[in-house]
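Report on the structure
Below, each chain spelled out in residue letters.
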Amino acid sequence: MTTTPEAVRRASPRRRRAATPPDPAKPLLPATDPVRLLDPAGTPLPAHADYPEPPVEALADMYRRMVIGRRFDIQATALTKQGRLAVYPSSRGQEACQVGAILALREDDWVFPTYRESMALVSRGIDPVEVLTLLRGDWHCGYDPAARHTAPQCTPLATQCVHAAGLAYGEAYQGRDTVALAFIGDGATSEGDFHEGVNFAAVFKAPVVYFVQNNKYAISVPLSRQTAAPSLAYKGVGYGVPSEQVDGNDPVAVLAVLTRAVAHARAGKGPFLVEAHTYRMEPHTNADDATRYRDGAEVDAWRDRDPVARLETYLRARDVLDDARVAAIAEEAEAYAADLRTRMNAQPTVDPMSLFDHVYAEPTPQLVEQREQVRAELAAAADEESER
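Please read all numbers here as calculations on a predicted model, not as lab measurements.

Calculation criteria
- Residues numbered from 1 in each chain as written.
- Predicted model: local features only at pLDDT ≥ 70, side-chain atom pairs only at ≥ 80, totals over all residues.
- Heavy atoms only, no water.
- Helix = DSSP H or I, 4+ residues; strand = E, 2+ residues; numbered from the N terminus.
- Buried < 20%, exposed > 50% of the residue type's maximum accessible area, 1.4 Å probe, protein only.
- Contact = heavy atoms within 4.5 Å.
- Areas by Shrake-Rupley, 256 points an atom, 1.4 Å probe, with all protein chains shown as cover.
- Lys, Arg positive; Asp, Glu negative; His and termini not counted.
- Charge placed at Lys NZ, Arg CZ, Asp CG, Glu CD.
- Polar contact = N/O pair within 3.5 Å; in protein donor to acceptor, adjacent residues only side chain to side chain.
- Pairing = 2+ DSSP bridges.
- Axes fitted to C-alpha atoms, helices over the stretch in contact; angles between N-to-C directions.
- Left-handed = near helix turned anticlockwise from the far one by under 90°.
- Nonpolar A, V, L, I, M, F, W, Y, C, P; charged D, E, K, R; others polar.
- Core = buried A, V, L, I, M, F, W, Y, C linked by side-chain atoms within 4.5 Å.
- Phe/Tyr/Trp six-rings, centres within 6.5 Å; stacked < 30°, edge-to-face > 60°.
- Salt bridge = Lys/Arg side-chain N within 4 Å of Asp/Glu carboxyl O.

A tally of regular secondary structure across the protein gives 14 helices and seven strands. Its C-alpha atoms put the protein at 130 × 60 × 45 Å along the principal axes. By residue count, 46% of the 388 residues in the protein fall in the buried class. For the protein, long-range pairs separated by at least 24 residues make up 76% of all intrachain contacts whose partners lie at least 6 apart in sequence. Roughly 19,900 Å² of accessible area belongs to the protein as shown, and the carbon and sulfur atoms make up 53% of that amount. In the protein, 42 positive and 54 negative side-chain charges are present, and the distance between their average locations comes to 11 Å.

What follows is about helix α12 (residues 307–317). What α12 keeps buried is the set Pro-307, Val-308, Arg-310, Leu-311, Glu-312, Tyr-314 and Leu-315. Capping the start of α12 is the job of one residue whose side-chain oxygen sits 3.1 Å from the backbone nitrogen of Val-308: Asp-306. At the exit of α12 stands Asp-319, carrying a positive phi of roughly 60 degrees.

Time to look at the sheet that holds strand β1 (residues 110–112). Strand order in the open sheet formed by five strands is β1-β2-β3-β7-β6, and the pairing between neighbours is parallel. Each edge of the open sheet carries a strand with a single partner, namely β1 and β6 (243–247). On average, each strand axis in the sheet is inclined to that of its neighbour by 20 degrees, with strand direction left out of account. When strand β3 (residues 208–214) meets strand β7 (residues 272–277), the two strands line up parallel, connected through six bridges. Paired with Tyr-210 across the two strands is Leu-273, which belongs to β7. Lying on the sheet, helix α8 (residues 159–173) is in contact with β1, β2 (180–185) and β3; it crosses β2 at an angle near 170 degrees.

What follows is about the packing of helix α2 (residues 56–81) against α12. Axis separation between α2 and α12 bottoms out at 10 Å; the angle between their running directions is 145 degrees. The handedness of the crossing between α2 and α12 is left-handed. Packed against α2, whose contacting residues are Val-56, Leu-59, Ala-60, Met-62, Tyr-63, Met-66, Val-67 and Arg-70, the element α12 presents Pro-307, Val-308, Leu-311, Glu-312, Tyr-314 and Leu-315 at the interface. In terms of residue class, the contact of α2 with α12 is built from 12 nonpolar, no polar and two charged.

Take the nonpolar core next. By size, the foremost hydrophobic cluster in this structure holds 63 residues, and its most contacted members are Tyr-63, Leu-132, Phe-211 and Leu-311. For Leu-132, the residues in contact, after removing those within four places along its chain, are Phe-72, Ala-76, Leu-79, Leu-85, Tyr-88, Leu-340 and Met-344.

Turning next to the packing of aromatic side chains. Evaluation of the coordinates by the stated rule reveals nine aromatic pairs. Seen from their ring centres, Tyr-169 and Phe-200 are 5.7 Å apart, and the 85 degrees between their planes marks the pair as edge-to-face. Taken together, the residues Tyr-169 in helix α8 and Phe-200 in helix α9 (residues 192–203) connect sequence positions 31 residues apart.

Positionally, Arg-116 belongs in the loop between β1 and α4 (118–123). Nearest to the buried, unbridged Arg-116 among oppositely charged side chains is Glu-117, at 6.3 Å. A polar contact is formed between the side chain of Arg-116 and the side chain of His-284, at a distance of 2.8 Å. When neighbours within four sequence positions are excluded, Arg-116 is seen to be in contact with Pro-89, Ser-90, Ser-91, Gln-94, Gln-98, Gln-153, Asn-215, Arg-280, Pro-283 and His-284.

Right, let's talk about the pairing of β2 for a bit. Looking along a regular strand, one sees side chains alternate from face to face of the sheet. With respect to burial, β2 is a largely interior element, five of its six residues being buried. Bridge count for β1 against β2 is three bridges, and the pairing is parallel. What sits directly across from Val-111, in β2, is Leu-181. Note that β2 and β3 share six bridges and pair parallel. Each bridged residue has a counterpart across the sheet, and for Gly-185 the counterpart in β3 is Gln-213.

Mapped onto the elements of the fold, Ala-47 is located in the loop between α1 (5–11) and α2. Along the chain, Ala-47 and Ala-361 lie 314 residues apart, while their C-alpha atoms are 52 Å from each other.

Once that is clear, we can look at the pattern of salt bridges. Here the structure, examined in full by the defined rule, presents 21 salt bridges. Here Arg-318 ties to Glu-53 by a salt bridge, and the two come within 3.0 Å at their closest N and O atoms. Note that Arg-318 is positioned in the loop between α12 and α13 (323–344) and Glu-53 in the loop between α1 and α2, a separation of 265 residues in sequence. A relative accessible area of 39% places Glu-53 in the partly exposed class. The closest approach of N and O atoms between Asp-339 and Arg-343, which form a salt bridge, is 3.2 Å. With Asp-339 and Arg-343 both in helix α13, this residue pair falls four residues apart, about one helical turn. Among the charged side chains, a network of salt bridges with common partners joins Arg-36, Asp-247 and Arg-310.

Written as structure tokens, this is what we have:
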């Protein structure tokens, strides 16, 4: 019997390949490479469809704030050497992240900073002396958080992630379109509070932007000892949170990515996670010896990616900056630093009774008793002094 090809086809029908289902995680995934709109020299790169370039006026304002912020940071570092501050965590090198985050927000949006966000807070318009009050050791917070829509600077790692989620959820529940932005260091992504905060925000669609400044070291621990993920931005995917990674030393890209992230949250679409690849040029704090865990060549390589110089080059090419304007901004920054020096050199007046302020909205009986004991001791000491 002769078997024809047609008979074979009828006997063994070809199975149709099932259509590949769409990957539900794809809309959540960050770009394979960090978003970048300027090269390290400040030359524009091809436009990015998802992240349009911010208005040049906003970039000019960003440059001014970055220059003043850097001068503030240098002055604060000097104040630690003079004994005026107990400790200071510098953010020099991270100016694009510090300022870009603030410019992406409205004044009524909330900021949840870490201990390293002093530059971001002064960029938000908070008095620098009030910002440094915590680091001076006078108060846990020197400014009014409610009035400034800025939570106290947070020393415990990642607790602000939960606070930001709760506040954002509460604001949305009351019908307001407020966005909360939580600053996070790379080390904080290893803490449980980070995961709990992101998960809560995702489940309840809280309008939060989680902004991870990956400056490559959690104190002395390198990123390779923190995670095996391709980047920290991928940590949002497991919670159903869209994520992006950006060149944190490219001011144009940072502002563009954060602007979109904030718009996403404000539109009721839930949280967004952004990882910025950046670098802190100074040690973790003035108490840290960074030479023990990183070499000078690494620092020099990042110095060539200076975000301030990068944006200045770009704005000069756009004829937005010239020598006179650059000099004027530098002079303004020097005046800002001089005023800070003068006011920080004045000894603060400390009232021992203020220890009992702001502990509870309604003082407990125990707190009232303790307050009266201190009041009596101060009065007795004053009587002894007057009798001498």
